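Observations on chain architecture
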Amino acid sequence: MLKLFSKKRQWGFDWSELITGIIFLIAAYFVTVAPRLALSSIVIIFAISAIVRGVTTLSSYQAMRETIGQLARVSLVIAILDIIVGFIFLAHITTGVLLLSYLFAFWFLIDSINGLITARHLRLFGAGYYWLSVILNILGIIAALILVLNPLLSMVSLSFMVSIYFLIFGLNYLMIAFARKQ
């Protein structure tokens, strides 16, 4: 495990993480101020966010691979899935509305697990960043499990949960952008 951290790499400020974080925070605000918004709008926001997150993860794949080795392949697969799901939802909004509660819960779970797997690299920037990311991703896993186990709750509280998702991950992405600056 120490070999994973022995490779020194200059990261620099991560603009793609910053942009992703800002987009997620804007999405959180948008969903919060308009809770009666049609589900089709939430599907579009979800689809765009999935595509942006997938592209962001793809753009940092090489740097992640240099830092955490073969574990970065998990991020690569998840990035590709994010992009595919995003385009499917944009092409078939009605299907997206029907599947959103389940897919949102599983996406939330997968991204949180991925965040836990890749959080180790944040130790390079300080223990505080690492633990904040771990806590945010554990909160994401708990929220995802609640949604998976109770799909009715998921449908009833979808806009609230979408807002929480975007807020948690938006803050996490902003934190990563600034952590990599050091």
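Quick summary incoming for the structure in this document.

Cut-offs and rules
Residues numbered from 1 in each chain as written. Predicted model: local features only at pLDDT ≥ 70, side-chain atom pairs only at ≥ 80, totals over all residues. Heavy atoms only, no water. Helix = DSSP H or I, 4+ residues; strand = E, 2+ residues; numbered from the N terminus. Contact = heavy atoms within 4.5 Å. Phe/Tyr/Trp six-rings, centres within 6.5 Å; stacked < 30°, edge-to-face > 60°. Buried < 20%, exposed > 50% of the residue type's maximum accessible area, 1.4 Å probe, protein only.

1. A closer look at the environment of leucine 76
Inspection of the secondary structure assignment puts leucine 76 in helix α5 (residues 72-91). Considering only alpha carbons, one finds leucine 76 and leucine 58, 18 residues apart in sequence, at a separation of 6.3 Å. Discounting residues that sit within four places of it in the chain, leucine 76 has contacts with Leu58 and Tyr61.

2. Description of the packing of aromatic side chains
Inspection of the entire model under this criterion finds seven aromatic pairs. Judged by centre distance (5.1 Å) and plane angle (40°), the ring pair of phenylalanine 46 and phenylalanine 89 falls under tilted. In this pair, phenylalanine 46 is assigned in helix α3 (residues 39-59) and phenylalanine 89 in helix α5, connecting sequence segments 43 residues apart. On the accessibility criterion, phenylalanine 89 (2% relative accessible area) is buried.

3. Structural notes on the environment of phenylalanine 89
For the pair phenylalanine 89 and isoleucine 44, spaced 45 residues apart in the sequence, the C-alpha separation amounts to 7.1 Å. If near-sequence neighbours (up to four positions away) are discounted, phenylalanine 89 is found in contact with Val43, Phe46, Ala47, Gly96, Leu100 and Leu103.

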